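For reference, the chains in residue letters:
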Amino acid sequence: MTRTWFAATAVVALAFVISGCASPTTPTAPAGASPSASVSADGGPQALPPTIVSPGELDGTDVAVIVGTALVVAVDDGTEDQWRGTTTDPAIAEFSAGGAEGGATFRPGFEAREIGTTQATLTAPDGREIAFTISVVAP
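Cut-off values and rules
Residues numbered from 1 in each chain as written. Predicted model: local features only at pLDDT ≥ 70, side-chain atom pairs only at ≥ 80, totals over all residues. Heavy atoms only, no water. Salt bridge = Lys/Arg side-chain N within 4 Å of Asp/Glu carboxyl O. Helix = DSSP H or I, 4+ residues; strand = E, 2+ residues; numbered from the N terminus. Buried < 20%, exposed > 50% of the residue type's maximum accessible area, 1.4 Å probe, protein only. Pairing = 2+ DSSP bridges. Axes fitted to C-alpha atoms, helices over the stretch in contact; angles between N-to-C directions. Polar contact = N/O pair within 3.5 Å; in protein donor to acceptor, adjacent residues only side chain to side chain. Contact = heavy atoms within 4.5 Å. Phe/Tyr/Trp six-rings, centres within 6.5 Å; stacked < 30°, edge-to-face > 60°. Core = buried A, V, L, I, M, F, W, Y, C linked by side-chain atoms within 4.5 Å.

Trainee: Can you break down the pattern of salt bridges residue by residue, with the values?
Mentor: Counted according to the given criterion, the structure contains four salt bridges. A salt bridge links Arg-107 to Asp-77, with the nearest nitrogen and oxygen atoms 2.8 Å apart. With Arg-107 in the loop between strand E7 (104–106) and strand E8 (109–112) and Asp-77 in the loop between strand E3 (70–73) and strand E4 (84–87), this residue pair connects regions lying 30 residues apart in the sequence. The exposure class of Asp-77 is exposed, given its relative accessible area of 63%. The salt bridge partner of Glu-111 is Arg-113, with a shortest N-O separation of 3.4 Å. A relative accessible area of 5% places Glu-111 in the buried class.

Here it is, written out as structure tokens:
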């Protein structure tokens, strides 16, 4: 289920990238987050996009991520399955490994499960650790 949810999130992110929408370059702000962004024109629920950041943007920062979305780490192509991550409170945010599955390649990231704050680490393929905070916020 986790992989399926993360795959759906990645597809939404890809649609935004292809259509020319970009997430903010400042990792402290949630991507595309306004309260009206969660309701479609017909009044039904609409999926919110993930927050996408590069590993270099994470070190020592506090990243805001909307509950129910994901923090996707834009790592170099071909290294997606080589990154590891942890959080001090997986009930708030949990690491989701990247890699290839079903003909698609998924980037590593963190699923924002519950409103709150947790410390996180991301370990690069070369062993370098990146420490940061994930603040899961309401839409």
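Trainee: Describe the sheet that holds strand E9 (residues 116–123), naming the residues involved and giving the relevant values.
Mentor: Taking strand neighbours across the sheet as the criterion, the four strands line up as E2-E10-E9-E4 in an open arrangement whose pairing is mixed. Looking at which strands have only one partner, the edges of the open sheet turn out to be strand E2 (62–66) and E4. Put simply, the sheet's adjacent strands are angled 30 degrees from each other on average, direction ignored. Pairing between E9 and strand E10 (residues 129–137): eight bridges, direction antiparallel.

Trainee: Please provide a residue-by-residue account of the side chain of Glu-80, values included.
Mentor: Mapped onto the secondary structure, Glu-80 falls in the loop between E3 and E4. Given the relative accessible area of 8%, Glu-80 is considered buried. A polar side-chain atom of Glu-80 sits 3.0 Å from the main-chain amide nitrogen of Gly-78. Those residues in contact with Glu-80 that lie beyond four places of it in its chain are Val-75, Gly-98, Gly-99, Thr-105, Phe-106, Arg-107 and Pro-108.

Trainee: I'd like a description of the packing of aromatic side chains, backed by residues and values.
Mentor: Counted according to the given criterion, the structure contains two aromatic pairs. When the centroid spacing of 5.3 Å and the interplanar angle of 65 degrees are considered together, the rings of Phe-95 and Phe-110 count as edge-to-face. Here Phe-110 lies in strand E8 and Phe-95 lies in strand E5 (residues 93–96), a separation of 15 residues in the sequence. Side by side, Phe-95 and Phe-110 carry an identical accessibility label, which is buried. Residues Phe-110 and Phe-132 carry aromatic rings whose centres are separated by 5.7 Å and whose planes lie at 85 degrees to one another, so their mutual orientation is edge-to-face. Pair noted here: Phe-110 is in strand E8 and Phe-132 is in strand E10, with a separation of 22 residues, a long-range link. In this pair, the class of Phe-110 matches that of Phe-132, namely buried. Taken together, the ring pairs in this structure connect Phe-95, Phe-110 and Phe-132 into an aromatic cluster.

Trainee: How would you explain the nonpolar core if you had to name every residue and give the values?
Mentor: Across soluble globular proteins, you tend to see nonpolar side chains buried next to one another. Grouped together as the largest cluster of nonpolar side chains are 20 residues, with contacts concentrated most on Leu-58, Leu-71, Phe-110, Leu-122, Phe-132 and Ile-134. Of all the secondary-structure elements, those providing two or more residues to this core are E2, E3, E5, E8, E9 and E10. With four residues, E10 is the single largest residue contributor to this core.

So, to be careful, I would describe these as geometric facts and stop short of saying anything about function.
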